[in-house]
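The lines below spell out each chain.
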Amino acid sequence: MSKRETFLEAVCKENVEKFLGFIQLHKKKTEPFDVEEVVQEMSREQRESLWRRLLSLLQVVLQELPPERWEEEVQPESAADPKRVMAVVDGVAFVATVSLKVLQDGDTYSPLLEIAHLLHNVLESLVVSEAPLQLHIQVLFEAWWKKGLQEKEKFGHAAFLISLQKSFILKKPGTQIQRVWSLHDVLLSLDYTSEDKQIKDLLLQCFHHPTFIRNDDGKRFLVFLFSWNVDFIRLIHGTIKNQLEFYNKVVATHITEIYFRAWKKATGEFLEKIESVCIQDFMQNAIYLHSASPVYAKVREIVRHFHSRKSSPSVDKMLYNLYKPILWKALSVPNFEVRAHATLLFTEAFPVHDPSQNNENIDMNIQKQLDMAMALLNDPHPAVRSNAILGVCKILAKCWELLPPTVITDFLKKLVMDLATDCSSPDVRCSVFKCLPLVLDNPFSHPLLEKLLPTLKYSLHDKSEKVRTAFLDLLIHVKAVRAARFWDVCNMDHLLARLAIDSHPVSKRVANLLFKSFFPVNESEKEWCCRCITLIQMNPMAARKFYQHAHKHTAATNILKFILAIRRTLNRCIQLDCDVTENDGNKENSLGGPDLLGQDMATVASLLEIVVILWGSVEKALKQNEEAHNYTAAKFGNVMAKYFQAFEHERCTVPLIQLASFMPAAAVPTFSYGILSRLRRMDSGADPAQFSQLLDCICSWGQASDVLDLIIDWLTESLPKQGEKVTKSRKVRIQETREAKPDLALAYLEYLFNHTSTREKVLALDQGPLKQLHAVLGNWKSVLYTHLTSTTEDPQHPKTETALKAFTFHGRLGAHLQHNLTEGRDYLLSLEHVAAWVTDRVLPFFTKTLSDGGDSEKSQQLATHITESFLTVCQDVLLIGLSDETFKGQILHLCSLILLSESGYVCISAVLSVLKEVANSCVPCDNNQDEENQEDVTHPILGMVANMFQKMIELLAHRLRKEPEEGKQLCQSVVPGLTDFLQVAQTWDRTLLSGVFSTVFAVIIVEKRHLLQKMTHPEEVIVPQSVDDMPPLSSMLLSVILKSPSITRLFLDEVSSSLDSDAINNLAELAAILHVLAVINHAGRSKAGLKSAAVSVQQHLHKHAVSSVDSRDIQRVIYESSVMTLNEILLL
């Protein structure tokens, strides 16, 4: 039996397993069985029999288990398996699809039609997915549509709908989008007015999906939708406008292309609709939208796309017709932003004309537009003038050959001689220089601009930096297009002056402009040096700036060659040839000649500075190329000793030392061996500039330990001897004995720790010298205590300032060393010991009376300085996260003792800063597992902080009562710290936070209530309008609160909470609250919280109504004033 007959017999219910087996064999590529080949070989009678048997099989399986029950669980007694039924239906759909391929004229395909109907019902009952069954039915219906068989509209519609739905849900919808486009003609068979809303919504969804918009077939389909129905165009446009904000730049570009292609293909009423509903609407939005609108830039891009296609007469005509009713009116409206937008559109679309008109009318129309452009250059608003400048420059660049010479000259003179010096707006001046390069891109403009540009030379000195940078960008462009010689436009001396003194954005442009002039890379190295010397002689400061930027414009190899060329020039200056190889000697001899520099030490110093600058700019590249670094260091190492001898001028010494720091110590042995002696011989009051380079050198050579030994020696020797001998085991390479210089030692230490490069080198040393330095600095506490207790200044003892500085460095060094520790808390413990020392030895001087006169006051001031210095160190330790709970407890204990002391108020600012850092370090942990444990630890600490904050506020109030002027100064000094503290406090737990704000609220109300109770005349009852009208402490606190909206809300919550708790029980307090609310109201803060607090006041105020008829009664005046204030807040 043949394959055809065997396959035909398998298509029935009894042989369904065989049928499914044949389908599986077809799917296996290794098997020779092909359903399509078998069906193609069948005769007409066999094909018709096959279709009838397929129909019968499909009807039977669907009767056994309809599609609605396919998702149900299989019952044990049920004979039909959903998976088996679906496989049969899938097989039938597949064979039916194959049959359509071999369908011939005259075939009776009514069974296929019934199969298609049944499969259509199945498809409607299925959820859209990637299932093979849906795909086969979809392919069948698609083929049915393309064959043009009976009822193709129904099946074509189903195939189109399923393809459209799948294109929205699949991760890779490219194939489905392609199917949608292949079936797009299906839409033409649908009646737009009778179609349900589903198909329209699905079609509009296409414009929501970027994948659809970016796909080529998707774009063709979206363009086609504009021609489906005239009424549908408005829906499409509305959908795109709503989505425009969410399109990215790429998708917006595709949308622009879709609009243009739709317009280009449209005719008749479709064309009119697209122009009036879509394009003209975008034009109007491009004119009337605010620049800040999120869709403005995208709307402009769409309109710009149509302007860019002006080469087509049809586009010109369309723009002319659509702009005619809107553009010219918009150019003269009062709103400057509308005029500015219209100016951009007008100049971009220039000339706006109808190509079908005769030449005379076109010329007349263009002349009017040129007059309009000139008028826009004279617009009163700078934004319009700026846009007009851009537009006119585009017109000149595009239409130079077509415009009359007089028009061109008038425009350029207006730009260069008038608007470039517009003193009313730097934006306008900047626009001229930014837009003139557009004109320069047209070579025909060069002869005229060459004559006009020199009039702009003083723009280099414009007071606006952005104008100067724009002008320099113009000069760079002039140089690039060779329109003129830039030094004819702007004098070289002026350029160098700007290079020397101006900011980085300006100086880097000047360096770019002058680079080839002073660093001609194609010339010889000798020429580089000559140009360098010329530049130095013209402007030394400009030379230094120029070479700071040189590495950006040439390779590091050229920089190194230049460095070595300068070395040869310097060698010739001192008649020196230190090259040892024959080739190098020949090279240097080739550059020989007369002495270029003579005794001009200023030029030599500048050359040395330039070598340092250039070496520093390529130092990173040199580190990556060890051979080049060693070669360069060796070359300079050979001559450095001679340089130090020959170039003794002070200006030469500094760059020579910096140059030495770039090289290994062995490369400059003479200098490196004597550097420590120079540091030792330095005067005590030496300026940091005298020793900073020496310290950089010695650290870069890895000899920081020698400096540390010197510092330790000086600090140790300066301490008063207590029978304790200095250790002799350490050896310093100093032959002669000299006096100790503790001030200089501390100056060295300050420099070493204030600069990252040197600090890293020092902290990388062994712990031994660092621990010794830490111990020595700690010993200086005894000197401080001596000054605290003595009544006279002992000349044998170190100065107070020196001891205080050493004390501060002891804390700072301890923080650095603790940070470097991998485990332990040795240096935190040291700081805790210092805190105990401050408590025992320093704080007692806060409580001494002034009975001893000036000496006691001096001791108090010193005690204050010591305490503040230590608290500053503690603040830094807390800030960088080095502290633990023990340290925080010790420091808070110290702060509480300071506040309890008699003169502790003088340290309020320092204490407040510490409290802020303690609070900030108690932030909630991210790990939920440890959050409860952390809360147990931090809650008591924050409670202590809140209590101390309350004590500080009380101290401020007490000081204001006792010494008003001093209290006011104290209040002003705590403003920065209080602002930071409240910012941190707002993150606390609600209970603790309430404690802080209740303190602030209470002190404000008490101060204001006291003021109200002292009033005796009605005229004194004045409602404050600002914080300046409040009493001193309240004014300071409110000024801090009102800086932050969030803190203002929390304060108002505390006001409402206090009122709700009935803590406020008299009229004066309610009036005080209303005065505070009035200040907040005038400041325009937290309207919702303000009204809530005012409502709470209203609920209490009526209880205190005053019935007195005496209009002079102070209580009645306060009550009436309170009611009026309340009404203002509530807007009654």
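Because the structure is a prediction, the values reported are computed rather than measured. The written sequence of each chain sets the order in which its residues are numbered from 1. In keeping with the predicted nature of the model, local features appear solely for residues at pLDDT of at least 70, side-chain atom pairs appear and are counted solely at 80 or more, and the whole-chain, interface and lining totals rest on all residues. Working from all heavy atoms in the structure, the side-chain values ignore hydrogens and water.

Before going further, it helps to spend a moment on the overall build of the protein. In terms of helices and strands, the protein carries 58 helices and zero strands. Computed over C-alpha atoms, the radius of gyration of the protein comes to 45 Å, more than 25% over the 32 Å expected from 2.2 N^0.38 for 1132 residues, which places it beyond the range of a compact globule. When accessible area is computed with a 1.4 Å probe and restricted to protein chains, residues below 20% of their type maximum are described as buried, those above 50% as exposed, and intermediate ones as partly exposed. The buried share of the protein, taken over its 1132 residues, is 52%. Should any heavy atoms of two residues lie within 4.5 Å, those residues are counted as being in contact. Across the protein, contacts joining residues at least 24 apart in sequence account for 72% of those joining residues at least 6 apart. As displayed, the protein has an accessible area near 53,100 Å², and 51% of this comes from carbon and sulfur atoms. By the counting rule applied here, Lys and Arg register as positive and Asp and Glu as negative, while His and the ends of each chain are not counted. In plain terms, the charge of a residue is placed at NZ if it is Lys, CZ if Arg, CG if Asp and CD if Glu. Between the centroid of the 120 positive side chains of the protein and the centroid of its 135 negative side chains there is a distance of 5 Å. A run of H or I in DSSP becomes a helix once it reaches four residues, and a run of E becomes a strand once it reaches two; helices and strands are each numbered from the N terminus. The globule rule used for comparison is 2.2 Å times the number of residues to the exponent 0.38, while the radius of gyration itself is calculated over C-alpha atoms. Surface exposure here means Shrake-Rupley accessible area, sampled with a 1.4 Å probe, where a residue is shielded only by the protein chains that are shown.

Centre-to-centre distance and the angle between the planes together describe a pair of aromatic rings. Pairing of aromatic side chains here covers Phe, Tyr and the six-membered ring of Trp, requires ring centres within 6.5 Å, and sorts the geometry by plane angle: under 30 degrees stacked, over 60 edge-to-face, intermediate tilted. Counted under the stated rule, the structure contains 37 aromatic pairs. A ring pair is formed by Phe 221 and Phe 224, whose centres lie 6.3 Å apart and whose planes are at 35°; its orientation type is tilted. Of this pair, Phe 221 and Phe 224 both sit in helix H12 (residues 216-225), separated by three residues, roughly a single helical turn. The exposure class of Phe 221 is buried, given its relative accessible area of 0%. We classify Phe 224 as buried; its relative accessible area is 11%.

For this analysis, a salt bridge means a side-chain nitrogen from Lys or Arg found within 4 Å of a carboxyl oxygen belonging to Asp or Glu. Inspection of every chain in the model, using the stated rule, returns 33 salt bridges. Among the salt bridges present, the one from Arg 261 reaches Glu 257, with a minimum N-O distance of 3.3 Å. Here the residue Arg 261 and the residue Glu 257 both occupy positions in helix H14 (residues 249-265), the gap between them amounting to four residues, near one helical turn. Judged by its relative accessible area of 21%, Arg 261 falls in the partly exposed class. Linked through salt bridges whose partners overlap, the residues forming this network are Arg 300, Glu 301, Arg 304, Glu 348 and Lys 394.

Across soluble globular proteins, nonpolar side chains show a tendency to be buried alongside one another. In this structure, Phe 221 and Trp 988 are the most contacted members of the largest nonpolar core, which totals 403 residues. Examining the composition of this core, we find that 12 residues originate from one element, helix H50 (residues 928-962), more than from any other. With sequence-adjacent residues up to four places away left out, Trp 988 is seen in contact with Ala 919, Leu 942, Val 945, Ala 946, Phe 981, Leu 993 and Val 996. As used here, the term nonpolar core means buried Ala, Val, Leu, Ile, Met, Phe, Trp, Tyr and Cys residues forming a set that is joined through side-chain atoms within 4.5 Å.

Our focus in this paragraph is the environment of Glu 857. Examined against the element boundaries, Glu 857 turns out to sit in helix H47 (residues 854-879). When its relative accessible area of 41% is taken as the criterion, Glu 857 is described as partly exposed. A sequence separation of 11 residues divides Glu 857 from Phe 846, and the C-alpha atoms of the two residues are 9.6 Å apart.

Axis separation between helix H37 (residues 650-661) and helix H39 (residues 688-700) bottoms out at 8 Å; the angle between their running directions is 15°. Classed by the angle they form, the pair H37 and H39 counts as roughly parallel. Like other packed secondary-structure pairs, H37 and H39 cross with a definite hand, here left-handed. Side by side, H37 and H39 meet where Val 654, Ile 657, Gln 658, Ala 660 and Ser 661 of the first sit next to Gln 693, Leu 694, Cys 697 and Ser 700 of the second. In this count, Pro and Cys sit with the nonpolar residues alongside Ala, Val, Leu, Ile, Met, Phe, Trp and Tyr, while Asp, Glu, Lys and Arg are called charged and the others, Gly among them, polar. Here the residues of the contact of H37 with H39 sort into five nonpolar, four polar and no charged. For every element, the axis is a line fit to its C-alpha atoms; helices are fit only across the contacting stretch, and the angle between N-to-C directions ranges from 0 to 180 degrees. To sort the angles, those under 35 degrees are grouped as roughly parallel, those over 145 as roughly antiparallel, those from 65 to 115 as roughly perpendicular, and the leftovers as oblique. Here is the rule for handedness: rotate from the far helix to the near one, and if that takes an anticlockwise turn smaller than a right angle the crossing is left-handed, while a clockwise turn gives right-handed.

Below, the discussion takes up the packing of helix H40 (residues 704-718) against helix H41 (residues 742-754). Where H40 contacts H41, the axes come no closer than 8 Å and their chain directions differ by 145°. The chirality of how H40 crosses H41 is left-handed. Facing Val 707, Leu 710, Ile 711, Trp 714, Leu 715 and Ser 718 of H40, the residues of H41 in contact are Pro 742, Leu 744, Ala 745, Leu 746, Tyr 748, Leu 749 and Leu 752.

This part covers helix H31 (residues 556-573). Between its first and last C-alpha, H31 extends 26 Å over 18 residues, near the 26 Å set by a 1.5 Å rise per residue. Taking burial as the measure, the 18 residues of H31 include 15 buried ones, the bulk of the element. Backbone geometry just downstream of H31 places Gln 575 in the positive-phi region, at approximately 50°. Multiplying one less than the number of residues by 1.5 Å gives the expected span of a helix.

What follows concerns unusual backbone geometry. That bond from Phe 350 to Pro 351 is cis: its omega, -10°, falls within 30 degrees of zero. Backbone geometry at Glu 151 places phi at a positive 55°, although glycine is not the residue there. Note on placement: Glu 151 falls in the loop between helix H7 (132-147) and helix H8 (152-169).

Note: pLDDT gives the predictor's confidence per residue, expressed from 0 to 100. Residues with a pLDDT of 70 or more make up 91% of the protein, whose mean pLDDT is 84. Confidence, expressed as mean pLDDT per element, reaches its minimum in the protein at helix H32 (residues 582-590) with 38 and its maximum at helix H21 (residues 382-399) with 94. Counted against residues more than four places away or in other chains, residues 580-596, with its pLDDT under 50, gives 25 contacts.

Take the environment of Val 89 next. With respect to the helices and strands, the residue Val 89 is situated in helix H5 (residues 82-101). With 28 residues separating them in the primary sequence, Val 89 and Val 61 have C-alpha atoms 7.9 Å apart. The contacts of Val 89, once residues within four sequence positions are left out, are Leu 58, Val 61, Leu 62, Trp 70, Leu 119 and Leu 133.

Before going further, it helps to examine the environment of Asp 281. If you trace the backbone, Asp 281 turns up in helix H15 (residues 268-288). In this structure Asp 281 comes out as buried when scored by relative accessible area, which is 15%. Residues Asp 281 and Leu 113, 168 residues apart in the sequence, show an inter-C-alpha distance of 49 Å. Those residues within four positions of Asp 281 in sequence are excluded, and the remaining contacts are His 237, Lys 241 and Ser 276. Pairs of N or O atoms within 3.5 Å make up the polar contacts considered here, provided that, within protein, one atom can donate a hydrogen while the other can accept it, and that residues adjacent in sequence are counted only when both atoms are side-chain atoms. Within the structure, Asp 281 has its side chain in polar contact with the side chain of His 237 (distance 2.7 Å).

Since there are 3.6 residues in each turn of an α-helix, residues three or four apart along the chain are aligned in direction. Taking 1.5 Å per residue, 20 residues should reach 28 Å; H5 reaches 29 Å between its end C-alpha atoms and fits that length. With 15 of its 20 residues buried, H5 lies for the most part within the structure.

Quick look at the state of the cysteines now. Cysteine sulfur atoms are paired as a disulfide whenever they fall within 2.5 Å. Inspection of every chain in the model, using the stated rule, returns zero disulfides. Residue Cys 393 stays outside any disulfide, its sulfur separated by 5.0 Å from that of Cys 435, the closest cysteine. On the accessibility criterion, Cys 393 (0% relative accessible area) is buried. Here Cys 423 is not disulfide-linked; the sulfur of Cys 430 is the nearest cysteine sulfur, at 16 Å.

Looking now at the side chain of Lys 741. Within the fold, Lys 741 resides in the loop between H40 and H41. The charged side chain of Lys 741 is buried without a salt bridge, its nearest counter-charge being Asp 683 at 5.3 Å. For Lys 741, the contacting residues outside a window of four places in its chain are Arg 680, Arg 681, Met 682, Asp 683, Ser 684 and Trp 714.

On to the side chain of His 629. Of note, His 629 is situated in helix H35 (residues 626-637). Here His 629 is in contact with Leu 622, Phe 662 and Pro 664, once residues within four sequence places are set aside.

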